[in-house]
Number of protein chains: 2
Amino acid sequence: MSANPLQAIMHARSVVIAGASNNLMKMGTIQAMNLLFGGYSGEALFLHPSEKSVLGRPAYRTPADLPFAPELALLTTPTRVTPALLDGLGERGVRHAVITTAGFREMGPAGAQLEAELLAIANRHGIRFVGPNCIGVLNAHAHLNLTVCPYNDVPGGLGLISQSGTYVAQTMPYLREHGIRYSQAISVGNASNIDLVDSLAYLGDDPDTKAIAMYIEGVGRGRAFLEVARRVTRRKPVVALYVGGSAAGARSSASHTGSLGSPDRLFDGVCAQAGIVRAATVDEMFGWAHALANMPLPRGRRLAILTHSGGPATSMADTCERRGLEVPEFSAELQARIRPFIEPTASAKNPVDLTFIMGGDNFVDKIPEILFASDEVDGVLIHGMMDTGFAAEMHTVASHVFTISREDFLKPMEFDLAPLLALPTRYGKPLVASNFLREDHAAQTFRDHGIPLFRTPEAAVKAMAALVRAGEVQRRG
Amino acid sequence: MSANPLQAIMHARSVVIAGASNNLMKMGTIQAMNLLFGGYSGEALFLHPSEKSVLGRPAYRTPADLPFAPELALLTTPTRVTPALLDGLGERGVRHAVITTAGFREMGPAGAQLEAELLAIANRHGIRFVGPNCIGVLNAHAHLNLTVCPYNDVPGGLGLISQSGTYVAQTMPYLREHGIRYSQAISVGNASNIDLVDSLAYLGDDPDTKAIAMYIEGVGRGRAFLEVARRVTRRKPVVALYVGGSAAGARSSASHTGSLGSPDRLFDGVCAQAGIVRAATVDEMFGWAHALANMPLPRGRRLAILTHSGGPATSMADTCERRGLEVPEFSAELQARIRPFIEPTASAKNPVDLTFIMGGDNFVDKIPEILFASDEVDGVLIHGMMDTGFAAEMHTVASHVFTISREDFLKPMEFDLAPLLALPTRYGKPLVASNFLREDHAAQTFRDHGIPLFRTPEAAVKAMAALVRAGEVQRRG
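Fair warning: this is a prediction, and the values are worked out from it, not measured in the lab. What you see as residue numbers is a count from 1 along each chain, following the sequence as written. Each chain gets a letter, beginning with A, and each ligand a number, beginning with 1, in the order they are written. In keeping with the model being predicted, local features are shown solely for residues with a pLDDT of at least 70 and side-chain atom pairs are shown and tallied solely at 80 or more, while totals for entire chains, interfaces and linings include all residues. Excluding hydrogens and water, the side-chain values take into account all heavy atoms of the structure.

Caption draft 1: Main features of the interface of chain A and chain B. Residue-level contacts link 88 residues of chain A with 88 residues of chain B. Accessible area that two parts lose when put together, with a 1.4 Å probe and added across both, is what the buried area reports. Between chain A and chain B lies a buried interface of about 7,100 Å² when both sides are counted; carbon and sulfur atoms form 64% of it. For the chain A face of the interface with chain B, the top three residues by lost area are R251, E393 and F436 of chain A, together amounting to 9%. A pair is scored as a salt bridge if a Lys or Arg side-chain nitrogen falls within 4 Å of a carboxyl oxygen belonging to Asp or Glu. A salt bridge links E177 of chain B to R438 of chain A; the nearest nitrogen and oxygen atoms lie 3.3 Å apart. Any pair of N or O atoms that falls within 3.5 Å is considered a polar contact. Within protein, one atom must be able to donate a hydrogen and the other to accept it, and sequence-neighbouring residues count only if both atoms are side-chain atoms. Run the count over chain A and chain B and you get 22 residue pairs in polar contact (both at pLDDT 80 or more). Helix and strand labels come from DSSP, where a helix needs a run of H or I of at least four residues and a strand needs a run of E of at least two; each type is numbered from the N terminus. Counting residues per element, the side of chain A that touches chain B draws most heavily on helix α12 (residues 310-322) of chain A, at 10 residues. For this scheme, ten residues count as nonpolar: Ala, Val, Leu, Ile, Met, Phe, Trp, Tyr, Cys and Pro. Four count as charged, namely Asp, Glu, Lys and Arg, and the remainder, Gly too, count as polar. Partitioning the side of chain A that touches chain B into residue classes produces 44 nonpolar, 28 polar and 16 charged. Note on definitions: a residue-residue contact is assigned when non-hydrogen atoms from the two residues lie within 4.5 Å.

Caption draft 2: Molecular detail of the packing of helix α3 (residues 82-91) of chain B against helix α4 (residues 109-125) of chain B. Residues and elements named next belong to chain B. Taken N-terminus to C-terminus, the directions of α3 and α4 make an angle of 0 degrees; their axes are 9 Å apart at the nearest point. Viewed along their axes, α3 and α4 adopt a mutual orientation that is roughly parallel. On the side of α3, the interface is formed by T82, P83, L86, D87, G90 and E91, while α4 contributes L114, E117, L118, I121, A122, R124 and H125. Residues of the contact of α3 with α4, tallied by class, amount to six nonpolar, three polar and four charged. Interaxial angle, 0 to 180 degrees, is taken between N-to-C directions of lines fitted to C-alpha atoms, where a helix line uses only the stretch in contact. Geometric relationships in this document are graded by angle, where less than 35 degrees denotes roughly parallel, more than 145 denotes roughly antiparallel, 65 to 115 denotes roughly perpendicular, and other angles denote oblique.

Caption draft 3: Structural context of the sheet that holds strand β6 (residues 96-99) of chain B. Residues and elements named next belong to chain B. Two strands make a pair as long as DSSP finds a minimum of two bridges between them. With respect to topology, seven strands assemble into an open sheet ordered β3-β4-β2-β1-β5-β6-β7, the strand pairing being mixed. At either end of the open sheet lies a strand with only one pairing partner, and these are β3 (53-54) and β7 (128-130). Across four bridges, strand β1 (residues 14-18) lies against strand β5 (residues 72-75) in parallel orientation. Looking at the pairing, V16 lines up with A73 of β5.

Caption draft 4: Fine view of the sheet that holds strand β4 (residues 57-60) of chain A. Residues and elements named next belong to chain A. Taking strand neighbours across the sheet as the criterion, the seven strands line up as β3-β4-β2-β1-β5-β6-β7 in an open arrangement whose pairing is mixed. Both outer strands of the open sheet, β3 (53-54) and β7 (128-130), are each paired with one neighbouring strand and no more. Contacts from helix α3 (residues 82-91) reach β1 (14-18), β2 (43-47), β5 (72-75) and β6 (96-99) within the one sheet, and its direction differs from that of β5 by about 165 degrees.

Caption draft 5: Structural detail: the side chain of T209 of chain A. Residue and element names in this part refer to chain A. Relative to the helices and strands, T209 resides in the loop between α7 (196-205) and β12 (211-216). Relative accessibility under 20% of the residue-type maximum defines a buried residue, over 50% an exposed one, and the middle range a partly exposed one, all with a 1.4 Å probe and only protein chains included. You can call T209 buried: its relative accessible area is 1%. A polar side-chain atom of T209 sits 2.7 Å from a polar atom in the side chain of S183. Side-chain polar atoms of T209 contact the side chain of D206, separated by 2.5 Å.

Caption draft 6: Structural view of the environment of R221 of chain A. All names here are of chain A. You can see R221 is positioned in the loop between β12 and α8 (222-233). By relative accessible area, which is 39% here, R221 ends up partly exposed. C-alpha separation for the pair R221 and E117, spaced 104 residues apart in sequence, amounts to 21 Å. Those residues in contact with R221 that sit more than four places away from it in its chain are D195, V197 and D198.

Caption draft 7: Region of interest: the relation of the copies chain A and chain B. Least-squares fitting of chain A to chain B yields an RMSD of 0.0 Å, with the superposition described by an axial translation of 0.0 Å and a rotation of 180 degrees. Taken together, the rotation and translation relating the two chain copies correspond to the operation of a two-fold axis. Only residues with pLDDT of at least 70 in both copies contribute their C-alpha atoms to the least-squares superposition of the copies.

Caption draft 8: The arrangement of helix α11 (residues 282-294) of chain A in detail. Residues and elements named next belong to chain A. Between the first and last residue of a helix there are one fewer steps than residues, each counted as 1.5 Å, and that sum is the expected span. Spanning 13 residues, α11 covers 19 Å between terminal C-alpha atoms, matching the ideal 18 Å at 1.5 Å per step. The buried fraction of α11 is high, at 11 of 13 residues. Taken together, the buried positions of α11 are V282, E284, M285, F286, G287, W288, A289, H290, A291, L292 and A293.

Caption draft 9: Quick look at the side chain of E217 of chain A. Mapped onto the fold, E217 of chain A is located in the loop between β12 and α8. As used throughout, the charge tally considers Lys and Arg to be positive and Asp and Glu to be negative, leaving His and the chain termini uncounted. Of the side chains with opposite charge, R105 of chain A lies nearest to the buried E217 of chain A, which makes no salt bridge, at 8.2 Å.

Caption draft 10: Region of interest: the nonpolar core. What we call a nonpolar core is a set of buried Ala, Val, Leu, Ile, Met, Phe, Trp, Tyr and Cys residues that are connected through their side-chain atoms within 4.5 Å. Judged by nonpolar contacts, the single largest core of 152 residues is most densely connected at V15, Y182, L200, M214, M285, I338 and L381 of chain B. Ranked by the residues each element gives to this core, the list is headed by helix α19 (residues 457-476) of chain B, at nine residues. In contact with I338 of chain B, not counting residues within four places along its chain, are F330, A348, V352, I367, I370 and L371 of chain B. Among the nonpolar cores identified, the runner-up in size contains 150 residues, and L6, A59, L200 and L417 of chain A belong to it.

Caption draft 11: A look at the pairing of strand β15 (residues 303-307) of chain A. Residue and element names in this part refer to chain A. Within β15, five of the five residues are buried, leaving the element largely enclosed by the surrounding structure. Of the two faces of β15, both are covered, the one formed by L303, I305 and T307 as well as the one formed by A304 and L306. Looking at chain direction, β15 and strand β17 (residues 379-383) are connected through five bridges and run parallel. Across the sheet, residue I305 finds its bridge partner in β17, namely L381. Direction of pairing for β15 relative to strand β16 (residues 352-353): parallel, over a ladder of two bridges. When the sheet's bridge partners are listed, L306 is paired in β16 with V352.

Caption draft 12: Here's a closer look at the packing of aromatic side chains. Only rings of Phe, Tyr and Trp enter the pairing, Trp through its six-membered ring, and a pair is recorded when the two centres are within 6.5 Å. The plane angle decides the type: under 30 degrees is stacked, over 60 is edge-to-face, the rest tilted. Following the criterion strictly, the structure yields 12 aromatic pairs over all chains and no others. Judged by centre distance (6.1 Å) and plane angle (35 degrees), the ring pair of Y151 of chain B and Y182 of chain B falls under tilted. Taken together, the residues Y151 of chain B in the loop between β9 (144-145) and β10 (158-162) and Y182 of chain B in strand β11 (residues 182-187) connect sequence positions 31 residues apart. In this pair, the class of Y151 of chain B matches that of Y182 of chain B, namely buried. Where Y242 of chain B meets F267 of chain B, the ring centres are 4.2 Å apart and the plane angle is 15 degrees; that geometry is what we call stacked. Taken as a pair, Y242 of chain B in strand β13 (residues 238-242) and F267 of chain B in helix α10 (residues 264-274) lie far apart in primary sequence, 25 residues in all. On the basis of relative accessibility, which here comes to 3%, the residue F267 of chain B falls in the buried class. Three or more aromatic residues joined by ring pairs form one cluster here, namely Y167, Y174 and Y215 of chain A together with F436 of chain B.

Caption draft 13: Layout of the pairing of β12 of chain A. All names here are of chain A. Summarising burial for β12: six of the six residues are buried, a large majority. Burial along β12 is two-sided: A211, A213 and Y215 facing one way and I212, M214 and I216 facing the other are all buried. Note: strand β10 (residues 158-162) against β12, five bridges, orientation parallel. Considered in β12, the bridge of I161 is made with M214. Relative to strand β13 (residues 238-242), β12 is paired through five bridges, and the arrangement is parallel. Bridge assignment links A213 to a residue of β13, and that residue is V239. When the strands point away from the viewer and the connection leading from the first strand across the helix to the second strand turns clockwise, the crossover is called right-handed. The handedness of the β12 to β13 crossover, carried by α8, is right-handed.

Read these as spatial facts, not as claims about activity.
Set out below in C-alpha cells:
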C-alpha cells in the first residue's frame, strides 16, 4: 500500500509552490493562502522568477536555489514554462507534484503533445503527479489544502475523487452548509499520471475516509478500475456520478479534461459488478456519500417512517416503494408500544404520523427508541423534527401580542437531542432525516453530529436506499 | 367564473375565527395571529365559548352573538363541536368556511360518518367550505393568511393546491430561502366540499397566479379534473406531484386525508392528456412551478450552457440529453462572436466554458446577450455566476496578509446584474441558473428578481425541461 504515490502527496511535510505571487486574484496565490492560513504544520516554500518574497515569505528564483528538496511541489504556472519547471524540480530531487496548470490534452493535439512531454519529464525523474488541469488536493485531517477554496470546517469522513475541480473546491461552502465534511479530496484533472484508479485504491486504504464519492467523466483503465472498486467496496462504500455516457456529456467532457466516456449502460454494468452505488446528480453524490460515511449500514430494507406531517409521510412511503424499500405495516404488538405516546387521531401503523404539534419528548426520545429497538425495523426515516426554526417564524407575529424576546421565545423550544443522536450507534441501524427548515436548532444539531439531514423527504429516502444498497454489497462480500 | 366559491373565500373582507384562544401553542391561535399581524385589511372576529377576549379583541360566545354575518368562517375547533358550530354559523348567515379541524374521514368509518354530517349541514345552509383536516388558505396579495405559518415574503405568482397542509405552510421558510413566492395557496385537506378540481379552475382564472403547483394523493373526480386541467394548461402551466400510485403511498395517504390513489401509470396518462408537467419530488414541484411562473416559455429545445466550470457544464449537458433537450454545437459564426470575450483555453462550442476566474463583465453582460440574441438558442442555462460568496470564503484566509475589512473586500466584487436580468423579457427566452453558493450577492439578486436559481446544475436543467414541456403544451393548444 505504501507504494501508492498519493500517500506521500497527501501527507507531505513540505511543499514548494510555483505560481503564487502577491496578486490576490491569481489562482496560485489563493492556493498558497489556503495552505499558509489553513492550519498546515509543515513547511511552505515559494518559487518566483522575479519577486523576492511571496505573501511575506522568501521566494526562490529557481528550483536549484531551494535549500532542500521539498516532499511536494504545487505548480500553478503558465502552460509553456511548466514542463521545464518540472524538469528543474526533478533535478533538485522533488519526486511528487500537483500540477494545476491547464492548457494540455483538453486543448486538442498540440496540448496533448505538451502533456506527453510533461509525462516524459516526470518519468525520467521518477516524479508522480496529480493533474495537470486540476484544482489541487485537500487532506482535511492534515490541514493540507492546495485547492482554490479555504476549507472552513472540521475534518470528516468523506473522501472525494473528481474529474471536475469545481466539485472539489467550489462546493466547499455548500458542503459546510449541509454538514458534509471531507477527509480528503483529490481533483485528478487530466489524470495524466495519477488517475482515478490510483486515487480509489489510496482512499480505499485511508483510515480517515469512511466512504468515497467519485465524479467521473471517463474511466481510462477499465479492468483495473473494476478490480480495485470490487476490493474497496467490500469494506468501504463508494458512490459514483458518471456523466460521460451521453453524447452531449461526452463532447463537454472532451473539452473539459480530454476524457472519453463510454456508453451509459456499460457504466451501469460496471457499478453492478463493482458494488458501486450510482448517483444521478451531484447533490445525490455528496449527500449519499455523507450518509454512508456517518451511518451504520442497514441489515435489511424494512424502514420505519416517523413524522408529524402526513404529506411528507406519504412522499417518503411512495419514494421508498419506487426505490425498492419496504415500509411494512407494524405488528399489533409494535403499534401497541407506540400508541401511548401519540394522539388518538395519529397513526401508529407506519408511517407513524404524529399529526400537527406534539410535545417534543415523544417525537425525539420515546418513539425513536421503540423503532430502533424493534426487530421489525432495519432503519429509521424522520421528517420534520425541528424546534426553534418554526418558533422563529412564529415570533414575527407573536411579538405583536406577547412581549417576549426572540431568544427567550426560542430557548425553551430546543429539544434535547442527545438520546436520539446515540441511537444509530447503539442499535447499529441508520437514521436519515429531512426537514424544510435550514436555520433551526435541531437541524444544526443533526448537522453537527453527522446525522444525514436533507431538505426534502424524497432526498432522505434516496439516501437511505443508498445505505441499503451499500449494505447488500458488503454482505455479498 | 364568479360561481367558484373560492373567489369569495380567498377575497373575504371579514373572517370569524373559532378555535383561537390566548394560548400561543394552539393551532387556532397561530392562525389568528397570522391573519391579524400579516397585513390583512379586512375585519377579524372571534368566537370563544368562555374567553371574553382573544388576542386583545372581543370574543363572541356563539354565532348568534356576532354583530353581522362575516364573509368567511375559520374553524379550528374540537372535532365533536364542529358540526354544531357550522350549523350555528349557517343560521347566522355565514356562507363560506375553512375547516382545519381533523378527525373525520381520515380516521375510518366513524369519522366518515361525522364528515357526512358536516357536509349535510353545509348543504342545508348553502355553505361552501375548504377542508376539513386542512391547514388553511393563503392569499398573499390580499394578505389573507389563515394557515399555521406567517408569510414573511412579498407576494408572487405561484399558486399551490395541496392535499398536504405541510406543503402549504411548513414549507414557507424553504420557499422564501429559494426566492419562491406564493400568489395563493389552498390546503384542500379531505376535500369534502371544495376539491382539487374547484381549486384548479379557480387558480386557472386568478390573474395573480402565473403557474400552478399541485400536490396530489388521489383525484376524486377524474373526468372533471381532466377537462379543467386541459383548459387551464393551454394558457397557464400546471405542475403536479402525485404520490398515491404506490401501495405504500396509498396506505399512507388513506390515513392522512382518506384519499384513494389510482395506479401510477394512469396518472402519467392523465398528465400527458391534460398537459400537466409531472414532478417526482416536492422540490421539483416548487422549483419548476417557480420557473414557470417567472420565465417566458421557450419556443424550442435548443439550449445554451454558460459556465466557468467544466464539471457542471458536463453535468448540465448530460442531464439535457437525458431529458430530451438539445445542446447544439454552435455555428462557426456564433462561436466567432463569443470568442473575443473568452480566454484562449476556454471553449465557445456550447457549453461555453470560461474556465476558472474571469472578469465578471463578459460573463454577466456580453456573452449572455450574444446567446439570448442568437436564433440558434431557445433558452439559456448558467452555472456558477456568483460574486461575493466566493470572495467571502477567500476573506477568511486573505485577511491574514491583506488588511482589508470583509465589507471593503466584498463590495467591489458585486456584479451589476441589471443588463442580464432584462434579457429573458427582452428576448422572450427563459434563463435558469444554478450555483453552489447560497449567501452571495449575485444569488440574492437572482432570487429577488425571480430568476430561477437552483443549487445544482442538474436541478436547473430539469426546471428548463419543465419550461420546454409547458411551451409544447401551449403550442399544441
